[in-house]
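# What the coordinates show
Next come the chains, spelled out residue by residue.
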Amino acid sequence: MCGIIGAVADSAIKPVLEGLSRLEYRGYDSSGISILADNEIKTRKVQGKLNQLKRLLLEQPLEGKCCIGHTRWATHGKATVSNAHPHQCGRVAVVHNGIIENYLHLKEKLLQWGHHFNSSTDSEVIPHLINHYLSQHLSEEDAIAKAILQLKGSYALGVLIDGDSNNLYAIKQGSPLVISQGVNGAYLASDAMALGPDSSKIYYPKDNELIKLTSHGIKLCNPSANRKIHYVNNSYCSKIVSKGEHSSFMEKEIFEQVDLLNSLSVDRHASDYSTINFNDFNKITIIACGSSYYAASVAKFWFEKYANILVEVDIASEYRYRSPVMTHKELAIFVSQSGETADTLAALKYAKANKVQTLALVNVANSSIAREAHFTFEIYAGPEIGVASTKAFTCQLAIFYKMCLEAAQQRAFIKFDELKQLQQNFLQLPYLIEKILQRCTEIKLLAIKLSRYSNILFIGRGIQTPIAHEGALKLKEISYIHAEAYAAGELKHGPIALLDEQMPVVVIAPKDSLTDKLLSNIQEVQARNAPLFIIGDASIRDYINLKEDEFFELPPAPESIQPIITVIPMQLLALYCAQTLGKNVDQPRNLAKSVTVE
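Every value quoted in this text rests on a predicted model; they were computed, and no experiment measured them.

So, on to the pattern of salt bridges. Tallied over the full model, the rule gives 20 salt bridges. In this structure, Glu312 engages Lys283 in a salt bridge whose closest nitrogen and oxygen atoms are separated by 3.7 Å. You can see Glu312 sitting in strand 16 (residues 310-315) and its partner Lys283 sitting in strand 15 (residues 283-288), a full 29 residues away along the chain. Judged by relative accessible area, Glu312 falls into the partly exposed class, the value being 30%. Given the relative accessible area of 10%, Lys283 is considered buried. We note a salt bridge from Lys449 to Glu550, for which the minimum N-O separation is 3.0 Å. One end of the pair, Lys449, is in helix 16 (residues 440-450); the other, Glu550, is in the loop between strand 23 (532-536) and strand 24 (551-553), with 101 residues separating them in the sequence.

Quick look at the structure:
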């Protein structure tokens, strides 16, 4: 989603451009900056990537002590220079992340007052409102406060006002925002990762808390002016994230999974999961979006099978609108890599308002979702730069597995020996995943062949069905090949009509309790002459004759941990298909890493 950054510092443009570079991973289609130079706001904007903005600034340089910057992911209006941020009206320039739901009403009112607009965005009404109230001789703080009262929706704002004060204002409602006071300046950003090494201490503002950043420090404005700001440590401060020897961040993050699972195999976080008494609940609802939803779907199988607890899985964007039945003996788990997913955060607030106990499963400990929930578990994946989630998905599965074993132990549903075996199974993961990664060139052969097709079906059975969905999602996200997934038993209930020589089917087929049934589904595919690609157990080849570039053999593995293993070939297959087609795997078109609008 949109990224915002602001700085009050000597040569403020430098930390702003560096911050925008760190925000590139979020996905965007235009960028721009405004700077206060000689008591006047000057703006530079471009359609396209940040390197184009940097080239423009070399041709038309700017310098000043107060600067705001923005990377835009288009929502209202196409990706154009006029729609790029910052938006300016008179004395005011604004960068905005979020959506102003009543902007058409506000725009109509402003047009009646004689205002003229240069963009088709919702955001442009904000500087117009602030400038309007400044023209009525209100103070800067009062003008911003009065404008904010008119807005409905979500926003995180950086506001620059011309003059000799060199003040920068920040305020939020429902969208992420972080403030930092460093040795060399004061900063605001939509993401702690945007802040540089001068930002070891950060502050997460409350909704509608107006903050003034000056060369003398940071202060809360009325009515919170007398309250002290309590800073926390910035875990991302000074972390240098690079691709190393890998061709992309996505590839690097796939290969990092061995070390991450090694780390998670050590039980240093075991006490975290015991903070939840699973005997207090007779139902778990897991709410998530995208890849996190598929991780939640795998967790449903584990919780129900090993802990005998009812689990529902909900799409976050739909959860509030279906009037879900909630009980006082229900645990609602909200899954989000960034911890800022707008739909998931809104669902969390809805559940809390209905007196449900809430648990956040996130990768960012100080994120909005983590701060809002009653309990928080980290997935410990570290910064994930590639837009398509890989290591965060695997770490979500790993933490869900450990949570489930804690629930199984507390509820005493399975025997002690079985519980110990399930725990031992988890310890095999790093070794088994490394064996797959060592044979990645075999998956490249499948990818080269698959990438010739425009449409692909993925199928799996049981707990592998969510992994089939995740595989299809990964492929469409970064290769732009249309891919869909189905439970294999559902083929004959409709999707089988699509099968012909131009509709390949990717089958996830580890050795498990459903292998025999899956073999029947594979025969159905072959009977329709659809190209067949199998990620499966060696025993499958006793029944199905496939070429080397149509079959990838999975290492034998205990059934309980198979989803964490089978997703690795799915990630590699998507990566290599995209690379074969020459796509940018780290920044796929139209996608954003952190979806901070509904």
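Within a sheet, each strand pairs with its neighbour through backbone hydrogen bonds, oriented either parallel or antiparallel. Spatial ordering of the open sheet is given by 21-20-22-23-24, a layout of 5 strands whose pairing is parallel. Every other strand in the sheet has two partners, leaving strand 21 (482-487) and strand 24 as the edge strands with one partner each. For this sheet, the mean inter-axis angle between neighbouring strands, taken without regard to orientation, is 15°. Where strand 20 (residues 455-460) meets strand 21, 6 bridges bridge the pair, whose relative direction is parallel. Of the residues in strand 21, the one forming a bridge with Gly460 is Ala487. Lying on the sheet, helix 17 (residues 465-479) is in contact with strand 20, strand 21 and strand 22 (505-509); it crosses strand 21 at an angle near 175°. Along the sheet face, helix 19 (residues 562-580) touches strand 20, strand 22, strand 23 and strand 24 and points at about 155° away from the line of strand 22.

Cut-offs used in this document
- Residue positions are given per chain, counting from 1 as you read along its sequence in written order.
- Where totals are concerned, whole chains, interfaces and linings use all residues; where local detail is concerned, this predicted model gives features only for residues with pLDDT of at least 70, and gives and counts side-chain atom pairs only at 80 or more.
- Hydrogens are left out, water is left out, and the side-chain values use all remaining heavy atoms of the structure.
- Any Lys or Arg side-chain nitrogen located within 4 Å of an Asp or Glu carboxyl oxygen qualifies as a salt bridge.
- By definition, any uninterrupted DSSP run of H or I lasting at least four residues is a helix, any uninterrupted run of E lasting at least two residues is a strand, and each is numbered from the N terminus.
- Only protein chains enter the accessibility calculation, which uses a 1.4 Å probe; a residue is then buried when its area is under 20% of its type maximum, exposed when over 50%, and partly exposed in between.
- For two strands to count as paired, DSSP must find a minimum of two bridges between them.
- Whenever a helix is involved, its axis is fitted only over the stretch in contact; in every case the axis is a line through C-alpha atoms, and angles between N-to-C directions fall within 0 to 180 degrees.
- We call two residues contacting when some pair of their heavy atoms lies within 4.5 Å.

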